[in-house]
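Reading the structure
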Amino acid sequence: MGNTIFDMLWRDHQVRALSDGSSLIYIDRVFLHERTGGIALKSLTDAGRAVRRPSSVFCTIDHIVDTFPGRGDDTRMPGGSAFITTTREMAQKAGINFFDIGDPRQGIVHVVSPEQGIALPGLTLVCPDSHTCTLGGLGAFAWGIGSTDGEHALATSTLRINRPKSMQIWLDGTLREGVGAKDIILALIGKYTAAGGSGYMLEFAGPAAQALPVEARLTLCNMAVEFSAFTGLIAPDDTVFEYVAGRPFAPKGAVFDAALSYWRTLQSAPDAHFDKRLELDVSQLSPQVTWGTSPAHVAGIDQPIPDPSQLAVDASTQTSLEKALNYMDLQPGSSVEGLPIGGAFIGSCTNSRLSDLRRAAAILKGRKVAEGVNAICVPGSSQVKAAAEAEGLHHVFQDAGFSWRESGCSMCFYAGGESFGHRQRVITSTNRNFESRQGPETRSHLASPETVAASAICGAITDPRKLTRGVVTRDAA
């Protein structure tokens with residue numbers, strides 16, 4: 001029986017199998033951010049320890065920094081400035097790679113990692129952020145960790161972990177117009193529940209997975225954690241190899257050639273064993289929009305909100321679903337399409353890359369955001385922002401009525417700083433729609449950038465295909 005990609009990556013990074021069944025795994029690269037990075041570095045220093053390999057450690061300012069033009073160290077989060085200044089001081093002392101405010105390499109950690117060539121096929125990479133699984137889109141073995149594990153990885157270049165089980169998610173079919181990677185992962189979570197991947201390392205495979213461009217693969221793997229998976233990945237191929245070639249921290253010359261030879265081996269054998277296998281036919285999907293307070297509370301935009309009393313679920317789950325409907329002020333059998341919105345957000349490590357902004361701009365061009373909608377676009381990195389502006393996309397967003405920001409996590413989560421209004425209904429390209437995630441009792445609906453853009457134009461949740469086909473205009477909405 002052949003090996004899975006995960007079998008190979010585990011074998012190649014296992015330093016030692018330990019007596020309790022866990023393993024010591026070698027960590028190739030560590031990425032920090034200002035919300036926890038400064039604390040980890042300071043704790044390491046206070047304990048009299050040093051960063052083992054400073055050249056393999058990276059840090060950016062992204063989580064709590066303001067995204068308003070002209071920003072500095074001040075933030076809207078109470079006490080947030082201290083996180084930034086401490087991180088800056090400790091990163092400089094440690095001699096690690098640091099992307100400060102104003103650095104053209106600054107941005108959301110999981111957007112910066114691929115574009116700078118920090119995340120690469122076959123590498124292990126950890127970060128104190130749950131969405132580190134994003135980087136599996138390149139074929140990296142990447143996962144989120146806590147601050148204590150962060151200190152251990154910094155000091156030793158290793159981590160002790162229990163090996164997760166393996167799951168293959170076979171994606172078949174061809175995506176229809178207006179449907180993308182965000183819709184795939186939301187539909188998967190909706191079909192198999194938010195706990196469907198618990199305890200597993202996911203490998204997304206099949207023709208639909210391999211047909212995705214790199215940035216869409218990153219979106220797909222980004223939400224593996226919302227499926228409760230340890231992490232997720234997609235087998236690297238020529239699409240990925242062409243993407244990483246020439247990136248600043250990617251290997252060069254003969255070293256790249258040697259790396260490429262290894263990367264090409266990272267393919268699961270046809271007879272490889274997986275502990276579990278799930279399937280999804282993507283050809284049947286429509287744009288997905290969440291209706292509740294979990295990514296699993298989702299349906300096609302052309303489908304009704306389910307009735308908890310009619311579902312084959314236990315009493316506890318039924319109560320949870322009813323609570324979500326009450327929080328969102330929705331009724332079973334109704335539709336999210338047409339619900340008036342007060343906010344629209346395009347950004348986050350899920351959907352803030354150049355391809356995301358291009359697709360949204362295609363919807364917005366020549367149109368105006370509906371009156372009363374607070375529409376915000378936050379590019380995922382300073383590099384993404386510069387590239388978008390070079391194409392004139394910022395003019396499209398601004399002319400439509402979107403606020404065009406500096407890069408950062410921004411309105412993905414509410415941490416005492418900027419937020420949407422109390423109980424405001426928001427359509428968002430982010431990854432979590434938990435209660436009060438984007439503000440006090442804010443009602444967040446997850447969707448693709450296209451759906452967010454179309455909804456902002458119409459002032460209500462809207463199927464983007466209706467705008468691209470000319471079925472709906474703002475005046476008619």
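So, here is what we can say about the structure in this document. (Residues numbered from 1 in each chain as written. Predicted model: local features only at pLDDT ≥ 70, side-chain atom pairs only at ≥ 80, totals over all residues. Heavy atoms only, no water.)

**A few points about the pattern of salt bridges**
Cut-off, in case you're wondering: By salt bridge we mean one thing: a side-chain nitrogen of Lys or Arg within 4 Å of a carboxyl oxygen of Asp or Glu. Secondary structure elements are taken from DSSP: a helix is a run of H or I of four residues or more, a strand is a run of E of two residues or more, and numbering for both begins at the N terminus. Throughout, exposure labels follow a simple rule: accessible area from a 1.4 Å probe, protein chains only, divided by the maximum for the residue type, with under 20% read as buried, over 50% as exposed, and the rest as partly exposed.
Scanning all chains against the criterion turns up 22 salt bridges. With a closest N to O distance of 3.1 Å, lysine 42 and aspartate 46 form a salt bridge. One end of the pair, lysine 42, and the other, aspartate 46, are both in helix α2 (residues 37-46), 4 residues apart, so they sit about a helical turn from each other. Judged by its relative accessible area of 56%, aspartate 46 is exposed. Close ionic contact of aspartate 356 with arginine 359 constitutes a salt bridge, the shortest N to O distance being 2.9 Å. Placement of both aspartate 356 and arginine 359 in helix α12 (residues 354-364) is noted, with a separation of 3 residues, approximately one turn of the helix. Overall, arginine 359 belongs to the partly exposed group, its relative accessible area being 33%.

**Re the pairing of strand β6 (residues 124-127)**
How we decide: Strands were regarded as paired on the criterion that DSSP finds at least two bridges between them.
Of the two faces of β6, the one lined by Thr124 and Val126 and the one lined by Leu125 and Cys127 are each fully buried. Pairing of strand β3 (residues 29-33) with β6 involves 2 bridges; the strand directions are parallel. For valine 30, the partnering residue across the bridge sits in β6 and is valine 126. Pairing analysis gives 4 bridges linking β6 to strand β7 (residues 141-144), with the strands arranged parallel. What sits directly across from valine 126, in β7, is tryptophan 143.

**Quick notes on the sheet that holds strand β16 (residues 374-377)**
With respect to topology, 5 strands assemble into an open sheet ordered β17-β16-β15-β18-β19, the strand pairing being parallel. Sheet topology places β17 (403-404) and β19 (443-446) at the edges, where each strand pairs with a single neighbour. In terms of strand pairing, strand β18 (residues 425-428) meets β19 through 4 bridges, oriented parallel. For arginine 425, the partnering residue across the bridge sits in β19 and is arginine 443.

**Structural notes on helix α15 (residues 449-458)**
Taking burial as the measure, the 10 residues of α15 include 10 buried ones, the bulk of the element. Taken together, the buried positions of α15 are occupied by Pro449, Glu450, Thr451, Val452, Ala453, Ala454, Ser455, Ala456, Ile457 and Cys458. Of the residues flanking the end of α15, it is glycine 459, one or two places downstream, whose phi is positive at about 75 degrees.

**A few points about the packing of α12 against α15**
Quick note on the threshold: Note on geometry: axes are lines fitted to C-alpha atoms, helical ones only across the stretch in contact, with angles between N-to-C directions running from 0 to 180 degrees. An angle counts as roughly parallel when it lies under 35 degrees, as roughly antiparallel when it exceeds 145, as roughly perpendicular when it falls between 65 and 115, and as oblique in every other case. Take the far helix as the reference: if the near one is turned anticlockwise from it by less than a right angle, the crossing is left-handed, and if turned clockwise, right-handed. Contacts between residues were defined by any pair of non-hydrogen atoms, one from each residue, lying within 4.5 Å. Residues are sorted three ways: Asp, Glu, Lys and Arg are charged, Ala, Val, Leu, Ile, Met, Phe, Trp, Tyr, Cys and Pro are nonpolar, and all the rest, Gly among them, are polar.
The N-to-C vectors of α12 and α15 enclose an angle of 30 degrees; their axes lie 8 Å apart at closest approach. Taken together, the axis directions place α12 and α15 in an arrangement best described as roughly parallel. Two packed elements cross with a definite hand, and for α12 against α15 that hand is right-handed. Contact with α12, carried on its side by Asp356, Arg359, Ala360, Ile363 and Leu364, involves Pro449, Glu450, Ala453, Ala454 and Ile457 of α15 and no other residues of that element. Its residues placed into classes, the contact of α12 with α15 shows 7 nonpolar, no polar and 3 charged.

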